[in-house]
Amino acid sequence: MINIRFEEREKIGLQYALETLHGCSPFGQEKIRKLRYYSPDEREELETELYNVEQAAKAADALKPLYDRIGLMLCQMKDIRGSLRRCQALEVPDHVELFEIKVYLQRLESLIPLFRQVCETTHFKALAFHDPAQALEILDPDKTRSRGFYIPDNATPKLREIRAAKKQIEEQLHHAQTDAEKEELRSRRTRVCAEEDSEETKVRRSMGQALAPLAGDLLEDADTAGRLDFIIQKALFAVRYGGVRPEITETELELTDMINPELCDLLEQKGRSFVPVSIRLEQGATVITGANMGGKSVVMKTVALNVLLLQAGFLVCAKKARMPLFYSVKMLFDDLQSIQSGLSGFGSEIVQFQKALEEVEQGYSLFLLDEFARGTNPDEGAVIVQAVTKYLNEVNAISLLTTHYDKVALSDHRTAGRGSGADPAGAGGYRRRRHSGHRTAHELRPVPGGGEVRLPQRRPEHLPDAVAEAGDPREDRAGVLRCRRLSAVVGRCCVRVDPAERYALPEGGEMERMTNKGGGDTLPPLMYS
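Scope of this entry: the structure provided in the associated data block. Each chain has its residues counted from 1, running along the sequence as written. Only residues with pLDDT of 70 or above have their local features reported here, since the model is predicted, and side-chain atom pairs are shown and tallied only from 80 upward, although totals for entire chains, interfaces and linings are computed over all residues. Hydrogens and waters are ignored; side-chain quantities use all the structure's heavy atoms.

### Examining the overall build of the chain
Counting from the N terminus, the helices are the DSSP runs of H or I reaching at least four residues and the strands are the DSSP runs of E reaching at least two. Within the chain one finds 15 helices and 15 strands. Looking at the chain as a whole, 51% of its 529 residues are labelled buried. Contacts are residue-level and defined by heavy atoms, with any inter-residue pair within 4.5 Å sufficient. Within the chain, contacts between residues separated by at least 24 positions form 76% of all contacts whose residues are at least 6 apart in sequence. Calculation of accessible area relied on Shrake-Rupley with a 1.4 Å probe; when residues are assessed, cover is drawn exclusively from the protein chains displayed. Accessible surface computed for the chain: about 25,300 Å², of which carbon and sulfur atoms make up 48%. Only protein chains enter the accessibility calculation, which uses a 1.4 Å probe; a residue is then buried when its area is under 20% of its type maximum, exposed when over 50%, and partly exposed in between.

### A few points about the side chain of glutamate 200
Mapped onto the elements, glutamate 200 comes out in helix α10 (residues 179-241). Setting aside residues up to four positions removed in sequence, glutamate 200 forms contacts with His95, Ile151, Leu159 and Arg163.

### Quick word on the packing of helix α5 (residues 64-75) against α10
Direction vectors running N to C along α5 and α10 enclose 140°, while the axes themselves pass 11 Å from each other. With respect to α10, the axis of α5 lies oblique. Note on packing geometry: the crossing formed by α5 with α10 is left-handed. On α10, the residues touching Tyr67, Ile70 and Leu74 of α5 are Ala225, Leu228, Asp229, Ile232 and Leu236. Only the contacting stretch of a helix is used when fitting its axis, a line to C-alpha atoms as for every element, and angles between N-to-C directions run 0 to 180 degrees. The labels follow the angle: roughly parallel below 35 degrees, roughly antiparallel above 145, roughly perpendicular from 65 to 115, and oblique for the rest. Should the near helix be turned anticlockwise from the far one by less than a right angle, the crossing is termed left-handed; should it be turned clockwise, right-handed.

### So, the pairing of strand β10 (residues 397-403)
Burial analysis of β10 places seven of its seven residues in the buried class, the great majority of the element. Every second residue of β10 is oriented toward a common face, with Ala397, Ser399, Leu401 and Thr403 on one face and Ile398, Leu400 and Thr402 on the other, all of them buried. We treat two strands as partners when DSSP finds at least two bridges between them. Strand direction decides the pairing type here: strand β5 (residues 284-289) and β10, joined by six bridges, are parallel. Counterpart to valine 287 in the pairing with β10 is leucine 401. Summarising the sheet, strand β9 (residues 365-370) and β10 pair through six bridges and their orientation is parallel. If you follow leucine 366 over to β10, its bridge partner there is isoleucine 398.

### Re helix α3 (residues 26-33)
What α3 keeps buried is the set Phe27, Gly28 and Ile32. Mapping the buried residues of α3 onto a view down its axis gives an arc of 140°, with all of them on the same face. An arc is given here, and it is the one of the directions from the helix axis to the C-beta atoms.

### Digging into the sheet that holds strand β4 (residues 277-281)
Taken together, the four strands give an open sheet; going across it, the order is β2-β7-β3-β4, and neighbouring strands pair in mixed fashion. Two strands in the sheet have a free side with no partner beyond their single neighbour: β2 (247-248) and β4. Note that strand β3 (residues 253-258) and strand β7 (residues 320-323) share three bridges and pair antiparallel. In the strand pairing of β7, leucine 255 is matched with alanine 321. On top of the sheet, helix α12 (residues 296-311) reaches β2, β3, β4 and β7; it is set at about 110° to β3, its chief contact.

### Here's the deal with the side chain of aspartate 370
With respect to the helices and strands, aspartate 370 occurs in strand β9. Polar contact criterion, stated in full: a pair of N or O atoms within 3.5 Å, where within protein one must be able to donate a hydrogen and the other to accept it, and residues adjacent in sequence count only if both atoms are side-chain atoms. Within the local environment of aspartate 370, its side chain forms a polar contact with the side chain of threonine 402, the two groups lying 2.4 Å apart. Not counting residues within four places of it along the chain, the set of residues in contact with aspartate 370 comprises Ser297, Met300, Lys301, Leu332, Phe333 and Thr402.

### A look at the nonpolar core
In terms of nonpolar packing, the biggest core is built from 106 residues, with Leu14, Phe124, Leu139, Leu255, Ile279, Leu308 and Phe314 touching the most fellow members. It is α10 that provides the largest number of residues to this core, a total of 17 residues. Residues Ala382, Tyr391, Ala397 and Leu401 belong to the second largest nonpolar core, which totals 22 residues. Among buried residues, the Ala, Val, Leu, Ile, Met, Phe, Trp, Tyr and Cys ones that are joined through side-chain atoms within 4.5 Å form a nonpolar core.

### Considering the packing of aromatic side chains
Aromatic pairs are defined between Phe, Tyr and Trp rings, using the six-membered ring for Trp, whenever the two ring centres lie within 6.5 Å; interplanar angles under 30 degrees are classed as stacked, those over 60 as edge-to-face, and all others as tilted. Considering all chains together, one arrives at nine aromatic pairs under this definition. Ring plane angle 90° and centroid distance 5.1 Å describe the contact between phenylalanine 115 and phenylalanine 129, whose orientation is recorded as edge-to-face. Of this pair, phenylalanine 115 sits in helix α7 (residues 95-122) while phenylalanine 129 sits in the loop between α7 and α8 (133-139), placing them 14 residues apart in sequence. Phenylalanine 115 sits in the buried class, given a relative accessible area of 6%. Judged by its relative accessible area of 15%, phenylalanine 129 is buried. With a centroid separation of 4.9 Å and an interplanar angle of 40°, the aromatic rings of phenylalanine 353 and phenylalanine 372 are classed as tilted.

### What to know about the environment of lysine 234
By the element assignment, lysine 234 lies in helix α10. When its relative accessible area of 1% is taken as the criterion, lysine 234 is described as buried. With residues near it in sequence (within four places) discarded, lysine 234 still touches Glu49, Val53, Ala312, Gly313 and Phe314.

### Re the pattern of salt bridges
For this analysis, a salt bridge means a side-chain nitrogen from Lys or Arg found within 4 Å of a carboxyl oxygen belonging to Asp or Glu. Applying the stated criterion across every chain yields a total of 34 salt bridges. Arginine 145 serves as the salt-bridge partner of glutamate 109, at 3.6 Å between the closest nitrogen and oxygen. Of the two residues, glutamate 109 is situated in helix α7 and arginine 145 in the loop between α8 and α9 (157-175); the sequence distance between them amounts to 36 residues. By relative accessible area, which is 31% here, glutamate 109 ends up partly exposed. Note that glutamate 371 is salt-bridged to lysine 296, the shortest N-O span being 3.7 Å. Placement of the pair is glutamate 371 in the loop between β9 and α15 (378-392) and lysine 296 in helix α12, with a sequence separation of 75 residues. You can call glutamate 371 buried: its relative accessible area is 13%.

### A few points about the packing of α7 against α10
One way to put it is that α7 packs onto α10 with a least axis distance of 10 Å and a crossing angle of 40°. Looking at the two axes, α7 sits oblique to α10. For α7 against α10, the interelement crossing comes out left-handed. Residues His95, Leu98, Ile101, Tyr104, Leu105, Leu108 and Phe115 of α7 form the contact with α10, whose participating residues are Glu200, Arg204, Met207, Leu211, Leu218, Asp221, Ala222 and Leu228. Looking at the contact of α7 with α10, its residues break down into 11 nonpolar, one polar and three charged. Under the convention adopted here, Pro, Cys and the residues Ala, Val, Leu, Ile, Met, Phe, Trp and Tyr are nonpolar, Asp, Glu, Lys and Arg are charged, and Gly plus all remaining residues are polar.

### Thoughts on α7
Here the expected length of a helix is defined as 1.5 Å per residue gap, with one fewer gap than residues. Given a rise of 1.5 Å per residue, 28 residues ought to cover 40 Å, and the 39 Å separating the end C-alpha atoms of α7 matches this to within 8%. Of all bends in α7, the biggest is about 25°, found at leucine 111, and the proline proline 113 comes one to four residues later. For α7, the N-terminal capping position is held by aspartate 94, with its side-chain oxygen 3.1 Å away from the main-chain nitrogen of valine 96. Downstream of α7 by one or two residues, histidine 123 has phi in the positive range, about 55°. Here the bend at each residue means the angle between axes fitted to two seven-residue stretches, the one ending at that residue and the one beginning there.

Spelled out as structure tokens, the structure:
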């Protein structure tokens, strides 16, 4: 299940994209606000949504006047779903609720002919309205089609008699001369008004009961109005940013000349333009390396944005796209929760990595890590990223990492680089590049149960519950990292430090006991040697 936090939506530009949409009806605004992501099991529904959006986008120029008229009609609709559900529950609707339902039905009656005109061109699938005439007849039996709501005198014979008596009393009151006579007439009028209110309640109850069997269809029509509103907004978004309907694949992801709308608009305001990016990803780990400010993070966020746009039923912002559907999309960008969690930036990053990995391993997913392990020193960070990359290469997911650490990619990893020769077509895209001759300093292997992680002497970070442990003589200078659930690298893994690397202890170095003074299990126990 895809669950994206608001901060993540802002960071990748998805929130900006949604804010460019102008839902007209309360139903359409709700669909924008509560964005739905289609799962791989809902592929047929997604294909239908993409077809409808594509057709609406293709006809946007020709149907612009109709779209404007539909938008105006949708703007005049009020959210009456609560009142309809009350009718379904056989509760008595009040005058205001019946008035709002009647106005909604009149707007719906005017919307349907416009919708049919649009469908003559777009041929929408799985999108239709019910005829509101039967419901309107309940609320407007005289067929006056007035904008207001009023229970007519002929609703019941008794109501006709009561109102006739009330009118007679009011005429007498108008001509009364003495205070006593007026007081008597006012008392009679009060009693008649109470009878009228009681009779009107019976009429409103009968109207609610008559609407109850139709409430289901009316609720579906409200949802259809919201879908139509959202489809038109998606189509206009696609026209504005050059959206294309992607080909749905099983595992491979390929985006040609993709863009990020937020950055495009920002650069356009400065008289500059966004350079489209192309990328091709497969199952396994792919690393984007390069100098700072080289655009690595922009590429990753643009990939995330377009994947989420697809799974929300949008056309993606690219010239061509081949994309799979993911069960989850997990993003680890800069730490957004370290202060709230009471951890250091690196500690929070590791905890978030553990949580994300548990979800990623549940089904085919997209896992994005931007400058992972940046919270520790460069030497240690590089070998951690090496180990993470090698582990993720075996996970059933597309994992995309960005880093400026050197020598991260192994010979069996995919590295995306930019520059001369990076794109055979000369479009500034990304391709697979093979590296050899560099061995990793860490190695990730599954290990049963829990364990510990050894910590070098004088290590600046004070990780909780680090305990000295005698190691194999061959590994006195290096040792073994073991993790309970997840430590500095990955859950249920063993990370072996190569003696040739910098993690060797100083000559004569000894282990010392370090405890978590704050108590609790804020981080899994770690111990280096």
